[in-house]
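Architecture and fold: a report
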Amino acid sequence: MSIDQHTEIDQDKLMQFVFRAVGEVGATLNAALVVMGDKLGLYQALAEAGPVTPDQLAARTGTAERYVREWLNAQAAGDFVTYEPETGRYLLPPEQAMALTDASSPAYLPGFFQLALGSVIDSPRIMEAARSGAGFGWHEHGTDVLDGCERFFRPGYNANLISQWLPALDGVTGKLERGALVADVGCGHGSSTILMAQAFPASAFVGTDYHDGSVKTARRRAGDAAVGDRVRFETAAASAYAGDGYDLVTMFDCLHDMGDPLGAARHVRGSLKPDGTWMIVEPYAEDRVEGNLNPVGRAYYAFSTLLCTPASLSQEVGLALGAQAGEARIKDVVTAAGFTRFRRAAQTPFNLVFEARP
Ligand SMILES: C[S@@+](CC[C@H](N)C(=O)[O-])C[C@H]1O[C@@H](n2cnc3c(N)ncnc32)[C@H](O)[C@@H]1O
């Protein structure tokens, strides 16, 4: 629309939008400040110390007071910390302390911000790709995307995978307890694979991902978690991982990232036992765009623009389902591959969990 003398501008609406944008610019910059607070140990020190002055926080963290003071004021303006004008001290409230420092909490946030910041850092490459229609592979991203992804998803898996999602699948937990063969496809740094291996010592797990660097990290993580006896990680595309006779194949937040999800689905079908199960975890989404026009959908559409869609377009076929594909679209892919049973087994505000059976 071009603005000419015939267009009525509502000045109140214009100023409301401008002030909303001020908040959004602050939020955009805050992604860098949260990652800074996380990596410099500022949140951790605030959580441990109680109310502190900037120079006390700087001394505790080995950082420069002038930077810390400015960072604290930005955090206070955004309600991440509270400020006591009478004493000049800053405090991290207990809820913020949990969300920003407790990696075992389902509400743990630093990975979310690290993933967002990493996506923004890599965005000039995505802008180039958007001109040409080229893709941009998962393996081409920097450390903040790869580590941020691991740290973003892990709290949700810790909170739900063993206690809610696997029990929601028909007969799967019993098989895992007795001893099952499991492939975790598109496993990234292996959080989900390691978590399952810790919970089900009688089962054997193979984590696969097409990105060699992620597979190497996953191997290190398995070593650190001392589950190397029951977990193996291999570099392989989802349409070509080795082995068959799997009781369970899992895909966590990766089917929509694949260029050829149908090819991958056919491979899963061929690798499963006749009574096996394919568990597909996808970002929460409604089937229609208008159902996703909310804060969660906004974050996911943004990640989808910067990460998921380019990742799929970088591979053969380039179907580009997008992170907000929704149940109906996923069901199309799964049933086209020959699966006869498909259902939504569980959900959270952030995830959909599907069960597909041959
Ligand atoms: C959003 S990450 C999720 C990683 C991991 N499942 C997790 O939940 O932390 C998507 C993963 O899919 C992998 N991936 C993308 N396309 C793939 C393909 N065609 N075959 C195997 N892995 C693929 C990427 O390398 C990346 O590790």
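A brief look at the structure comes next. Note that this is a predicted model, so its numbers are computed, not measured.

Moving on, we get to the site of the ligand. For the ligand, the set of nearby residues contains 19 residues, the closest of which are Y157, G186, D209, F252 and Q315. Between the ligand and the protein, one listed contact pairs a nitrogen atom with a backbone N or O atom of F252 at 2.8 Å. In the environment of the ligand, a nitrogen atom lies 2.9 Å from a nitrogen or oxygen atom belonging to the side chain of Q315. In the complex, the protein chains occlude 95% of the 590 Å² of accessible area that the ligand would expose alone. Top element by residues in the shell around the ligand is helix α8 (residues 143-165). It accounts for three residues. When its residues are assigned to classes, the shell around the ligand shows twelve nonpolar, four polar and three charged.

Another aspect to go through is helix α5 (residues 94-101). Those residues of α5 that fall on the buried side of the exposure criterion are A97, A99, L100 and T101. On its buried side, α5 packs onto α1 (11-39), α2 (42-49) and α6 (110-121).

Across all of its chains, the model carries twelve aromatic pairs by this definition. Arranged with centres 5.2 Å apart and planes meeting at 40°, the rings of W278 and F339 form a pair that is tilted. One end of the pair, W278, is in strand β7 (residues 272-283); the other, F339, is in the loop between α14 (327-336) and β8 (341-347), with 61 residues separating them in the sequence. Given the relative accessible area of 0%, W278 is considered buried. On the accessibility criterion, F339 (3% relative accessible area) is buried. Site record: aromatic cluster; members linked through ring pairs are F112, F152, F153, Y157, W165, F252 and F303.

With that out of the way, let us pick up the pairing of strand β5 (residues 231-235). Alignment of strand β4 (residues 204-209) against β5, held across five bridges, turns out to be parallel. Bridge pairing links V206 to R232 in β5. In this view, the connection linking β4 to its parallel neighbour β5 by way of helix α11 (residues 212-224) has right-handed handedness.

One non-glycine residue, A226, lies in positive phi territory at about 55°. Mapped onto the elements, A226 comes out in the loop between α11 and β5. Its identity as a non-glycine residue notwithstanding, D253 has a phi of 50°, on the positive side. Looking at the secondary structure, you find D253 in the loop between β6 (246-252) and α12 (261-271).

Cut-off values and rules
The residue numbers shown here count from 1 along each chain, following its written sequence. pLDDT decides what is reported in this predicted model: residues at 70 or higher carry local features, side-chain atom pairs at 80 or more are listed and counted, and totals for whole chains, interfaces and linings draw on all residues regardless. Side-chain metrics in this entry use all non-hydrogen atoms of the structure; hydrogen atoms and water are not considered. We call a residue near a given molecule or strand whenever any one of its heavy atoms falls within 4 Å of it. Side-chain atoms alone can form a polar contact between residues adjacent in sequence; in general such a contact is a pair of N or O atoms within 3.5 Å, and within protein one must be able to donate a hydrogen while the other accepts it. Here, Shrake-Rupley sampling with a 1.4 Å probe gives the accessible areas, and only protein chains in the shown set may cover a residue. Strands are runs of DSSP state E lasting at least two residues, helices are runs of H or I lasting at least four, and both sets are numbered from the N terminus onward. Note that Gly is not counted as nonpolar here; it falls among the polar residues with everything else outside the nonpolar set of Ala, Val, Leu, Ile, Met, Phe, Trp, Tyr, Cys and Pro and the charged set of Asp, Glu, Lys and Arg. For every residue, the accessible area obtained with a 1.4 Å probe (protein chains only) is divided by the maximum for its type, and the residue is called buried under 20%, exposed over 50%, and partly exposed between those limits. Contacts are assigned to residue pairs that have any heavy atoms within 4.5 Å of one another. Two rings from Phe, Tyr or Trp (for Trp, the six-membered ring) form a pair when their centres sit within 6.5 Å of each other. Planes less than 30 degrees apart are called stacked, planes more than 60 degrees apart edge-to-face, and all others tilted. When DSSP finds at least two bridges between two strands, those strands are taken to pair. For the handedness criterion, the strands are oriented away from the viewer, and a crossover whose path from the first strand over the helix to the second runs clockwise is classed as right-handed.

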